[in-house]
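Spelled out, the chains give:
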Amino acid sequence: MERKTDKGMDYLREFPKMKKWINTCICCGKSGYDPSMPEVLTRNCGQGEFKTAFARYIRDYFQEMNVNELGICEECQRVQGKLQGKKTMD
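The rules behind each value
Residues numbered from 1 in each chain as written. Predicted model: local features only at pLDDT ≥ 70, side-chain atom pairs only at ≥ 80, totals over all residues. Heavy atoms only, no water. Helix = DSSP H or I, 4+ residues; strand = E, 2+ residues; numbered from the N terminus. Buried < 20%, exposed > 50% of the residue type's maximum accessible area, 1.4 Å probe, protein only. Contact = heavy atoms within 4.5 Å. Areas by Shrake-Rupley, 256 points an atom, 1.4 Å probe, with all protein chains shown as cover. Phe/Tyr/Trp six-rings, centres within 6.5 Å; stacked < 30°, edge-to-face > 60°. Lys NZ or Arg CZ within 6 Å of the ring centre and 35° of its normal. Arc of directions from axis to C-beta. Core = buried A, V, L, I, M, F, W, Y, C linked by side-chain atoms within 4.5 Å. Salt bridge = Lys/Arg side-chain N within 4 Å of Asp/Glu carboxyl O.

(A) Region of interest: the overall build of the chain. Looking only at helices and strands, the chain has 3 helices and 4 strands in total. For the chain, the succession of helices and strands along the chain, N to C, is α-β-β-β-β-α-α. Out of the 90 residues in the chain, the part that is buried amounts to 28%. Restricting to contacts in the chain with at least 6 residues of sequence separation, those with at least 24 account for 51%. By element, 49% of the accessible surface of the chain is carried by carbon and sulfur atoms, the whole surface being about 7000 Å².

Here you go:
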């Protein structure tokens, strides 16, 4: 059975410009969509702007994921915080 993330990566290979809306954690490698992505993405093809289904598909294939300025997801930040807390206790 193919996972949603695998289908999502196939989708991004087909539409590489949509990668700008994907966050990837530098620690764990997990990918998710940027929460600041608009509800509807539009495209200009020279004959005006029209709505696309890009945002809907990205939301279907990926979960929302925040990363900090270093590119680390919230889950890895929590683990890192716990590990640093242990170091200070030792």
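(B) Region of the structure containing the packing of aromatic side chains. Inspection of every chain in the model, using the stated rule, returns 6 aromatic pairs. Arginine 56 extends its terminal NZ or CZ atom over the ring of tyrosine 57, reaching a point 4.9 Å from the ring centre.

(C) Spatial organisation of helix H2 (residues 54-61). Regarding H2, the residues found buried are Phe54, Ala55 and Ile58. An end-on view of H2 places all buried positions within 95° of arc, on one side of the element.

(D) Inspection of the nonpolar core at higher detail. One finds Tyr11, Leu12, Met18, Trp21, Ile22, Tyr33, Met37, Leu41, Phe54, Ala55, Ile58 and Phe62 forming the largest nonpolar core, which totals 12 residues. Of all the elements, H2 adds the most residues to this core, at 3 residues. Judged by nonpolar contacts, the second largest core, of 5 residues, contains Cys25, Met65, Ile72 and Cys73.

(E) Spatial organisation of the environment of methionine 37. Residue position: methionine 37 is located in the loop between strand S2 (31-33) and strand S3 (42-44). Classification of methionine 37 by relative accessible area gives buried; the value is 3%. Spatially, the C-alpha atoms of methionine 37 and glutamate 64 are 9.6 Å apart, while their sequence positions differ by 27 residues. Not counting the four nearest positions on each side in its chain, methionine 37 is found in contact with Trp21, Ala55, Ile58 and Arg59.

(F) Expanded view of the pattern of salt bridges. This model, assessed by the stated rule, comprises 2 salt bridges. A salt bridge links aspartate 10 to arginine 13; the nearest nitrogen and oxygen atoms lie 2.5 Å apart. Note that aspartate 10 and arginine 13 are positioned in helix H1 (residues 4-14) at a spacing of 3 residues, about one turn of the helix. A relative accessible area of 57% means that arginine 13 is categorised as exposed. Of the charged contacts, one joins glutamate 39 and arginine 59 as a salt bridge, the two residues approaching to 4.0 Å between their closest N and O atoms. Of this pair, glutamate 39 sits in the loop between S2 and S3 while arginine 59 sits in helix H2, and the two are 20 residues apart along the sequence. By relative accessible area, glutamate 39 is classed as exposed at 63%. You can call arginine 59 partly exposed: its relative accessible area is 22%.

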